[in-house]
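Chain and residue survey
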Amino acid sequence: MVDWASLLGLPLEKAVERCRAWGCEPQVIVTRAPRRKGEEGAPLSEGGTLSEGGSLRVIRARENELTVSAFQDQDPRND
């Protein structure tokens, strides 16, 4: 039995590994918060890659579909 809720909060790579172990190849949907006009600092750079210190984590999981969002894993003030 597949426990989709157990994937919540996991980094994308780990969640995909678990899905594959269950015999599933999930569709991945990347979402992010809308930005105000003129606001910069999006966690994803051009091409959809993460800025340094960030990771994509599962925020919604349902049958064969994972929704992920970027999270800053380290404090940018310490850089």
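Throughout this document, residue positions are counted from 1 along each chain, in the order its sequence is written. Since the coordinates come from a predicted model, pLDDT governs what is reported: local features require at least 70, and pairs of side-chain atoms require 80 or more to be given and counted, while whole-chain, interface and lining totals use all residues. Working from all heavy atoms in the structure, the side-chain values ignore hydrogens and water.

1. Some details on the sheet that holds strand E3 (residues 65-72)
Paired through their backbone hydrogen bonds, the strands of a sheet run either parallel or antiparallel. In plain terms, the rule: If DSSP finds at least two bridges between two strands, the strands pair. Put simply, DSSP marks the helices as runs of H or I at least four residues long and the strands as runs of E at least two long, and each gets a number from the N terminus on. All axes are obtained by fitting lines to C-alpha atoms, using only the stretch in contact for helices, and the reported angles, taken between N-to-C directions, cover 0 to 180 degrees. Contact criterion: two residues are considered in contact whenever any of their non-hydrogen atoms come within 4.5 Å of each other.
Strand order in the open sheet formed by 3 strands is E1-E3-E2, and the pairing between neighbours is mixed. Each edge of the open sheet is held by one strand with a lone partner, namely strand E1 (27-31) and strand E2 (54-62). Strand-to-strand twist of the sheet, defined as the mean angle between neighbouring strand axes without regard to direction, takes the value 35°. Pairing of E1 with E3 involves 5 bridges; the strand directions are parallel. Of the residues in E3, the one forming a bridge with Thr-31 is Ser-69. Along the sheet, helix H1 (residues 12-21) makes contact with E1, E2 and E3, crossing E3 at roughly 160°.

2. Describing the packing of aromatic side chains
The geometry of an aromatic ring pair is captured by two quantities: the separation of the ring centres and the angle between the planes. As a reminder, the rule being used: Paired rings are identified among Phe, Tyr and Trp, the last through its six-membered ring, by centres lying within 6.5 Å, and are further divided according to the angle between planes into stacked (under 30 degrees), edge-to-face (over 60) and tilted (the rest).
Across all of its chains, the model carries 1 aromatic pair by this definition. With 5.9 Å between their ring centres and 75° between their planes, Trp-4 and Trp-22 make a pair best called edge-to-face. Highlighted residues: Trp-4 in the segment before H1 and Trp-22 in the loop between H1 and E1, separated in sequence by 18 residues.

3. What about the environment of Pro-11?
Heads up, the condition is: The buried label goes to any residue with under 20% of its type's maximum accessible area, the exposed label to any with over 50%, and the partly exposed label to all in between, with areas taken from a 1.4 Å probe on protein chains only.
Inspection of the secondary structure puts Pro-11 in the segment before H1. The partly exposed category is assigned to Pro-11, whose relative accessible area is 25%. Taking the C-alpha atoms as reference points, Pro-11 and Ser-55, separated by 44 residues in sequence, lie 6.6 Å from one another. Leave out the neighbours within four places in its chain, and Pro-11 touches Leu-56 and Arg-57.

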